[in-house]
Amino acid sequence: MTTTRTLGTGAAALEVSQQGLGCMGMSEFYGARDDSESLATIGRALDLGVTFLDTADMYGPFINEQLVGRAIADRRDEVVLATKFGNVRGPNGERLGIDGSPDYVRKACDASLQRLGVDHIDLYYQHRVDPKTPIEDTVGAMAELVQAGKVRFLGLSEASPATIRRAYAVHPITALQTEYSLWTRDPETDGALDTVRELGIGWVAYSPLGRGFLTGQITSPEDFDADDFRRHNPRFQGENFTKNLDMVARVREISEEKGCTPGQLALAWVMAQSTERTAVVPIPGTRRIPHLEDNAGANDVVLDDKDLARLDEVAPVGATQGERYPDMSSIDR
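Residues numbered from 1 in each chain as written. Predicted model: local features only at pLDDT ≥ 70, side-chain atom pairs only at ≥ 80, totals over all residues. Heavy atoms only, no water.

Of all five residues in strand S10 (residues 175-179), five are buried; the element is thus mostly enclosed. Every second residue of S10 is oriented toward a common face, with Ala175, Gln177 and Glu179 on one face and Leu176 and Thr178 on the other, all of them buried. Here strand S9 (residues 151-157) pairs with S10 via three bridges, running parallel. Bridge assignment links Ser157 to a residue of S10, and that residue is Gln177. Sheet topology places S10 next to strand S11 (residues 202-206); five bridges connect them, and they run parallel. The partner of Thr178 across the bridge, within S11, is Ala205. (Buried < 20%, exposed > 50% of the residue type's maximum accessible area, 1.4 Å probe, protein only. Helix = DSSP H or I, 4+ residues; strand = E, 2+ residues; numbered from the N terminus. Pairing = 2+ DSSP bridges.)

Moving on, we come to the pairing of strand S1 (residues 4-7). Remark: a regular strand shows side chains that alternate across the two faces of the sheet. Of the strand pairs in this sheet, S1 and strand S2 (residues 14-17) are connected by four bridges, and their pairing is antiparallel. Residue pairing for S2: Leu7 is matched across the bridge by Leu14. Here S1 folds back onto S2, and the loop between the two strands holds six residues, one of which, Gly8, carries a positive phi near 80°.

Scanning the model with the defined rule gives one cavity of 30 Å³ or more in all. Taken as a whole, the largest cavity encloses approximately 40 Å³ of empty space. Per-element accounting of the lining of the largest cavity gives the leading share, three residues, to helix H9 (residues 289-296). Among the residues forming the lining of the largest cavity, the class breakdown is five nonpolar, three polar and no charged. (1 Å grid on protein atoms, 1.4 Å probe; cavity = no way out; pocket = protein on both sides within 12 Å on 5 of 7 lines; lining within 4 Å. Points joined across faces, edges and corners; volume = space filled by probe spheres on them. Nonpolar A, V, L, I, M, F, W, Y, C, P; charged D, E, K, R; others polar.)

A few words now on the environment of Arg252. Along the chain, Arg252 falls in helix H7 (residues 238-258). Setting aside residues no more than four positions away along its own chain, Arg252 makes contact with Thr215, Gly216 and Pro262. (Contact = heavy atoms within 4.5 Å.)

In this section: the environment of Leu303. The residue Leu303 is located in the loop between H9 and helix H10 (305-314) in this model. When the C-alpha positions of Leu303 and Met58 are compared, they lie 36 Å apart, and in sequence the two are 245 residues distant. Setting aside its immediate chain neighbours within four residues, Leu303 contacts Lys258, Leu265, Ala268, Trp269, Leu308 and Leu311.

This is the structure in structure tokens:
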């Protein structure tokens, strides 16, 4: 079985592992940190061939890039390294808005290179679109980073179809990173997935396990640490939580018939959305080796047309109750 996928086409083509590893939760948002455990998990990921690592300057803030840099210091040649800029945070974690200005692009890239301890970034994303800066200016500055050898390929995150097209006209875009899963199928109806397929841009799916919900291991909001952001996420609240549990129960039934875990089935579904020109690559996040190994097992799950039709029935577009974030106003639509 193929163990890699190609994001982008032509000069923008980047070969990556068919699954990546999202590293955000190792430093923030999902409860207490354990850097030793996280370093071991990244090492195990590389051993398993999960070599597409995803981080961002805002995670921590800043410390997640440092963590990833430590983890890959002696294995850099094995890794396709992705990071992001644009969500500005202060040293105490304060949120300072979104910045896509050319000066900030250059400054942010240099800071990420230093924290990561590398001389280039393989895939550099604009994390969120800056409504104050024309996308042409932002991507123009990102293209200069490619010319300077600091960045190999460019990406966008949570960008609307119109923004994607405008960015693509300035410089080839290798990947769009946006939430996508059985839990979040909005990209199938808002034009984003159609746009990247038309242009031959790859799709990197974050939260492909529905922030852990699709694993079937979450039964109550009380399962979360006090500082876990899911306690305040609309999809994990009250009646939304109860209705969403019903959907996961139906996913579990199918997974049992397939002889895999619910999480493996959910990841296999994401990967099955790939087309000839647009690979869909999930980047499930975890800081624990057993979860990583379970996720990697999804590479061996094969879904036929009947399986996909059944999943469409139990988790159709719009089935999940609640918004993805408490405040959706920062998403470029």
